[in-house]
Amino acid sequence: AEGKIVSLVLPLEGLDQDSCRSLLSTFKDLDNETLLYIHSLSRGHPLVLELINRGASAGAFHETLENYVNIEIFSKLSGEQKRLLGVLSVFREPIPLAALTEQDLNTDELDSLVEAGLARQADSDAYDVHDLIREFLLQSLDHQAKEELHNKAVLWYEKQGSGPLIAMELIHHLISSSRHEDAGEIIIQQGRNLIKEGHIELLGLLEAIVLSEIQAENACRIDCLKGEVLSLLGRFDEAEDAFNSARAPAEAAGIQDVIADLHSNLADIALKRGETESSLAMHRNALELFIKMGDAVGAARSYNNMGYIMRRGGDKVKALEAYGEVEAILSGDNSEELIPAQLILARALIDLGEVDRARDHALNAYEVSADGEDLILHARSRAVLGRYYAKVGDSDLAL
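Bear in mind that the values here come from a model prediction, so they are computed numbers and not experimental data. (Residues numbered from 1 in each chain as written. Predicted model: local features only at pLDDT ≥ 70, side-chain atom pairs only at ≥ 80, totals over all residues. Heavy atoms only, no water.)

### Focus: the overall build of the chain
Assigned secondary structure in the chain consists of 22 helices and three strands. The C-alpha atoms of the chain give a radius of gyration of 28 Å, which is well past the 21 Å a tight globule of 399 residues would have. Expressed as lengths along the three principal axes of its C-alpha atoms, the size of the chain is roughly 85 × 50 × 45 Å. Here the chain holds 399 residues, and 43% of them are scored as buried. Considering only residue pairs separated by 6 or more positions, the chain has 54% of its internal contacts joining residues 24 or more positions apart. When the accessible area of the chain is evaluated, it comes to approximately 21,100 Å², of which 49% is carbon and sulfur surface. (Helix = DSSP H or I, 4+ residues; strand = E, 2+ residues; numbered from the N terminus. Rg over C-alpha atoms; globule rule 2.2 N^0.38 Å. Buried < 20%, exposed > 50% of the residue type's maximum accessible area, 1.4 Å probe, protein only. Contact = heavy atoms within 4.5 Å. Areas by Shrake-Rupley, 256 points an atom, 1.4 Å probe, with all protein chains shown as cover.)

Spelled out as structure tokens, the structure:
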């Protein structure tokens with residue numbers, strides 16, 4: 001805002017000529033003209049220099065690095081070696097030998113590919129390819145071949161159980177094999193948990209889905225998730241566009257939970273922009289829908305958000321009224337799903353000087369989360385309980 005430069009873009013350049021010469025250890029009496037040619041061809045890229053050093057010819061003239069890699073390296077590979085590299089290039093993560101043997105590939109060729117610097121042994125039983133090689137390989141595959149390889153990758157990941165990383169890879173391969181509906185279903189089932197766990201890279205997959213190829217109900221849920229990630233990244237205008245894209249189909253189909261989430265998310269953006277009254281009104285709209293659906297978690301979150309806005313505006317009485325509604329919800333439901341709302345409530349009550357009420361909620365959150373499997377949630381409950389003890393002057397217990 002003040003016009004100060006806080007970061008600079010530094011282009012990543014290749015190695016200089018002297019460094020290139022030191023990497024080309026198999027070349028005897030390397031003259032300056034040949035060195036200059038290799039340096040300009042490789043752009044100083046260490047991997048390309050390594051490939052040249054391991055036996056790829058650098059004597060022929062090629063207009064571009066792409067032509068060099070295709071003609072001097074890929075064209076000299078056997079059919080089985082090309083198949084192996086093609087399969088490896090489709091996977092984004094190192095894969096075990098089992099994933100290759102399932103596709104009836106001759107894994108004996110792997111050693112020669114690793115020796116040539118084309119494949120890489122990540123550990124004793126897992127292989128992948130360098131990003132540069134992956135880029136060239138994927139450029140050389142036609143659309144049908146890519147889809148076929150991605151479909152086989154889907155079959156592999158479907159057998160690998162659950163977990164966020166497995167889900168991310170499965171979504172990627174489903175999208176890459178044009179199975180957008182299947183990818184959308186996994187995103188809807190696991191997307192919010194992936195975002196909570198910090199997998200912001202989900203945004204790239206959300207943007208890659210062709211929404212016209214999936215059901216309208218699923219499409220608006222995906223747009224809503226996209227808006228949530230963009231909002232976390234501070235890209236509020238883009239987030240608002242995503243939420244607004246989701247609104248029309250959600251309202252047309254009467255999908256109440258999506259509409260409520262949209263109101264809540266747009267209210268958060270309005271608050272970040274300083275539009276307090278607008279934010280409060282949207283939280284009230286969301287609250288009505290959450291109550292109508294019997295969604296205790298959504299209602300408690302809305303009351304907490306409204307309490308925060310009122311507290312920030314200096315209206316302690318109305319803030320306490322909103323927090324009182326959260327207490328009413330908690331009195332009828334002691335599930336672990338409501339612990340995050342109870343922790344926010346306890347912190348707010350500490351700040352408002354309602355320490356006795358805060359203690360009850362902090363202790364309850366601590367006890368309930370201690371019996372659960374969510375260690376992060378329990379850590380948060382300990383932190384809030386520590387804040388309470390610090391507030392009442394018990395520094396030993398607080399620590």
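### Let's talk about the layout of surface pockets
As a volume, the largest pocket reaches approximately 2,000 Å³. Those elements that place two or more of their residues in the lining of the largest pocket are α11 (180-196), α13 (216-232), α15 (256-272), α16 (276-293), α17 (296-312), α19 (339-351) and α21 (375-391). Counting residues per element, the lining of the largest pocket draws most heavily on α17, which supplies nine residues. By volume, the second largest pocket is sized at about 210 Å³. As for the second largest pocket, its lining consists of I188, Q189, Q190, G191, R192, N193, R221, C224, L225, D257, V258 and D261. If you list the elements that add at least two residues to the lining of the second largest pocket, you get α11, α13 and α15. When residues of the lining of the second largest pocket are assigned to their parent elements, the largest contribution, six residues, is made by α11. (1 Å grid on protein atoms, 1.4 Å probe; cavity = no way out; pocket = protein on both sides within 12 Å on 5 of 7 lines; lining within 4 Å. Points joined across faces, edges and corners; volume = space filled by probe spheres on them.)

### Here we look at the pairing of strand β3 (residues 126-129)
Alternating residues of β3 divide into A126 and D128 and Y127 and V129, and every residue in both groups is buried. In the sheet, strand β1 (residues 95-96) pairs with β3 via two bridges, with the strands oriented antiparallel. Looking across to β3, one finds that P96 is bridged to A126. Strand direction decides the pairing type here: strand β2 (residues 119-123) and β3, joined by four bridges, are antiparallel. Bridging across to β3, R120 finds its partner in D128. Linkage of β2 to β3, two consecutive antiparallel strands, is achieved through a turn of two residues. (Pairing = 2+ DSSP bridges.)

### Observations regarding the environment of L110
Within the element layout of this structure, L110 appears in helix α7 (residues 110-115). A sequence separation of 232 residues divides L110 from Q342, and the C-alpha atoms of the two residues are 55 Å apart. Excluding anything up to four places from it in sequence, L110 contacts L84, L88, L97, L100 and Y127.

### Comments concerning the packing of α15 against α16
Running from amino to carboxyl end, α15 crosses α16 at an angle of 160 degrees, the nearest separation of the two axes being 8 Å. Relative to α16, the element α15 is oriented roughly antiparallel. Handedness of the crossing formed by α15 with α16: left-handed. On α16, the residues that touch Q256, D257, I259, A260, D261, H263, S264, L266, A267, D268, A270 and L271 of α15 are S278, S279, M282, H283, N285, A286, L289, F290 and M293. Grouping the constituent residues of the contact of α15 with α16 by class yields 11 nonpolar, seven polar and three charged. (Axes fitted to C-alpha atoms, helices over the stretch in contact; angles between N-to-C directions. Parallel < 35°, antiparallel > 145°, perpendicular 65-115°, else oblique. Left-handed = near helix turned anticlockwise from the far one by under 90°. Nonpolar A, V, L, I, M, F, W, Y, C, P; charged D, E, K, R; others polar.)

### Focus on unusual backbone geometry
Backbone geometry places D104, a non-glycine residue, at a positive phi of 55 degrees. Its location among the elements puts D104 in the loop between α6 (97-101) and α7. Phi is positive for S178, which is not a glycine, with a value near 65 degrees. Its location among the elements puts S178 in the loop between α10 (164-176) and α11. A relative accessible area of 35% means that S178 is categorised as partly exposed.

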